[in-house]
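# Working through the structure, step by step
Spelled out from the first residue to the last, the chains are:
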Amino acid sequence: LHNMALKYWFEFTDIKEIVHRVEISNTAFTGASTQIYGSCSLEVSETKDTLEPFRGSGLQIEIEANSNLTFYDLYSEEERTFSVVYKRNNQILFNGWLSPEGLYEDFVADHWIISLDCTDGLGFLNNLSYVEDATGLTFSGKQTLLEIVVNCLKRTKTPQNILTSINIYYVGLSQSVDPFASVSYNADRFVKGDDNTIMNCEEVLKSVLEPFGAVLTSYNGEWLLYKPNSLVDASSQTFFSYTHLGVALSPTTKTIDFLLDLGSQIDNFYPHHVNANQQKSIKSSIGAFRINYKYGLVKGFINNIYLNSISDTNIP
């Protein structure tokens, strides 16, 4: 993350001799960083709806505290004060922010374990209005879907590259270009019914993602916009790639290999399932399906539904 000074860090090695590293940084910190001791667990939120627009991720860290190192300096009343980066084998898997809730000091023991949660920033969006991040001014005029996504993600303060793969094109649009960079919305529409209150970033992002059946998630230190059904039988996917400011990267596309065999600990397979019962199940993909005809049925009371004329003056 930009302009961040490393304050605390810890490393540990798993059973496969892979090094894991967590770094906690802050803009106001000066001086040498401090090595601490702890462990971490990366989790992705569950959802019953396959097309839920947001898939947030979180990192839980457990750090060893003592009477001389209480970590009270990690407390802040402001959100997004301490950034957290988690690396596995020197590859970034998580960028996010530390939640200071959970800090405490033990008056009985001189050593104790503190559990802290970190979020990727998507949870902040419903409390942030869709305005210019630096000035707070409202947007107006036409904006591409990519611009809207960039403006919303700027407000999370998590500057990650943005990758998009939607594969839905309007008639005549070349399939060699990104639909998100070619389709525009009128930014003046992002106002609630009272014609005064600006919609929040979560509402705006949903209005962009839902028409495409798209999902936004953080993956390996990047924002991914994709369609879940396109990954059902695909071992890899090609994405249009941009910086966190929406500037095309070079090369302009990136292919990600999602092919990974996940096994069972019973036969010592690596990697294997953790933190849950190892079982397979079948669940209904659609719990309830209902169609509402807002403007009536196609077959109405008029037989001549297309208003075909017999003559210039006779339309049955």
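Each value, and the rule that gives it
- Residues numbered from 1 in each chain as written.
- Predicted model: local features only at pLDDT ≥ 70, side-chain atom pairs only at ≥ 80, totals over all residues.
- Heavy atoms only, no water.
- Salt bridge = Lys/Arg side-chain N within 4 Å of Asp/Glu carboxyl O.
- Helix = DSSP H or I, 4+ residues; strand = E, 2+ residues; numbered from the N terminus.
- Buried < 20%, exposed > 50% of the residue type's maximum accessible area, 1.4 Å probe, protein only.
- Contact = heavy atoms within 4.5 Å.
- Polar contact = N/O pair within 3.5 Å; in protein donor to acceptor, adjacent residues only side chain to side chain.
- Pairing = 2+ DSSP bridges.
- Core = buried A, V, L, I, M, F, W, Y, C linked by side-chain atoms within 4.5 Å.
- Axes fitted to C-alpha atoms, helices over the stretch in contact; angles between N-to-C directions.
- Parallel < 35°, antiparallel > 145°, perpendicular 65-115°, else oblique.
- Left-handed = near helix turned anticlockwise from the far one by under 90°.
- Nonpolar A, V, L, I, M, F, W, Y, C, P; charged D, E, K, R; others polar.
- Disulfide = S-S within 2.5 Å.
- Phe/Tyr/Trp six-rings, centres within 6.5 Å; stacked < 30°, edge-to-face > 60°.
- Lys NZ or Arg CZ within 6 Å of the ring centre and 35° of its normal.

Take the pattern of salt bridges next. Counted by the stated rule, this structure contains 9 salt bridges. Across the pair Asp133 and Arg155 runs a salt bridge, and its minimum N-O distance is 3.4 Å. With Asp133 in the loop between β9 (111-119) and β10 (142-144) and Arg155 in the loop between α1 (145-154) and β11 (161-165), this residue pair connects regions lying 22 residues apart in the sequence. The class of Arg155 is buried, set by a relative accessible area of 15%. Across the salt bridge formed by Asp133 and Lys157, the nearest N and O atoms sit 3.0 Å from each other. In this pair, Asp133 is assigned in the loop between β9 and β10 and Lys157 in the loop between α1 and β11, connecting sequence segments 24 residues apart.

Buried within helix α3 (residues 201-209) we find Cys201, Val204, Leu205, Ser207, Val208 and Leu209. Looking at the buried residues of α3, the elements they touch are β5 (54-55), α1, α2 (179-182), β12 (184-186), β13 (215-219) and β14 (222-226). Its side-chain oxygen at 3.0 Å from the backbone nitrogen of Glu202, Asn200 defines the N-terminal cap of α3.

The strand order across the open sheet built from 8 strands is β3-β1-β2-β7-β8-β9-β6-β4, with neighbouring strands paired in mixed fashion. Strands with a single pairing partner mark the edges of an open sheet, and in this sheet they are β3 (34-35) and β4 (38-44). Two elements, β4 and strand β6 (residues 57-66), share 7 bridges in a ladder whose sense is antiparallel. The residue bridging Glu43 from the neighbouring strand is Gly58, located in β6.

Moving on: the nonpolar core. Core analysis: the largest hydrophobic core is formed by 34 residues, its most contacted members being Tyr130, Ile148, Phe180, Phe190 and Leu216. If you list the elements that add at least two residues to this core, you get α1, α3, β14 and β15 (236-242). Excluding its chain neighbours within four sequence positions, the residues that come into contact with Tyr130 are Phe139, Gln143, Glu147, Ile148, Asn151, Cys152, Phe190, Ile198, Met199, Asn200, Cys201 and Val204. Within the second largest apolar cluster, 23 residues are counted, among which are Phe71, Leu74, Phe94 and Trp112.

It is worth spelling out the environment of Val208 at this point. Mapped onto the fold, Val208 is located in helix α3. Taking C-alpha positions, Val208 is 8.0 Å from Val149, a pair spaced 59 residues apart along the chain. Sequence-distant contacts of Val208, that is, excluding residues within four places in its chain, are made with Leu145, Ile148, Val149, Phe180 and Tyr185.

Running from amino to carboxyl end, α1 crosses α3 at an angle of 155 degrees, the nearest separation of the two axes being 10 Å. Between α1 and α3, the crossing angle belongs to the class labelled roughly antiparallel. For the pair α1 and α3, the crossing hand works out as left-handed. Facing Leu145, Ile148, Val149 and Cys152 of α1, the residues of α3 in contact are Cys201, Val204, Leu205 and Val208. A breakdown of the residues in the contact of α1 with α3 according to their chemical character gives 8 nonpolar, no polar and no charged.

Next up on the list: the state of the cysteines. Enumeration according to the criterion identifies 0 disulfides in this entry. Between Cys118, a free cysteine, and Cys40, which holds the nearest cysteine sulfur, the sulfur-to-sulfur gap is 9.0 Å. Judged by its relative accessible area of 5%, Cys118 falls in the buried class. Residue Cys152 stays outside any disulfide, its sulfur separated by 4.2 Å from that of Cys201, the closest cysteine.

Attention now moves to the packing of aromatic side chains. Geometrically, a pair of aromatic rings is defined through the distance of the ring centres and the angle of the planes. As enumerated under the stated definition, the model contains 8 aromatic pairs in all. Through a chain of ring-to-ring contacts, three or more aromatic side chains come together here, namely Tyr130, Phe139, Tyr185 and Phe190. When the ring centre of Tyr185 is taken as origin, the NZ or CZ atom of Arg189, which lies over that ring, is 4.9 Å away.

What follows is about the side chain of Thr158. Mapped onto the secondary structure, Thr158 falls in the loop between α1 and β11. A residue is classified by how much of its surface remains accessible, and Thr158, at 3% relative accessible area, is buried. Of note is the side chain of Thr158, whose polar atom sits 3.3 Å from the backbone oxygen of Asp120.

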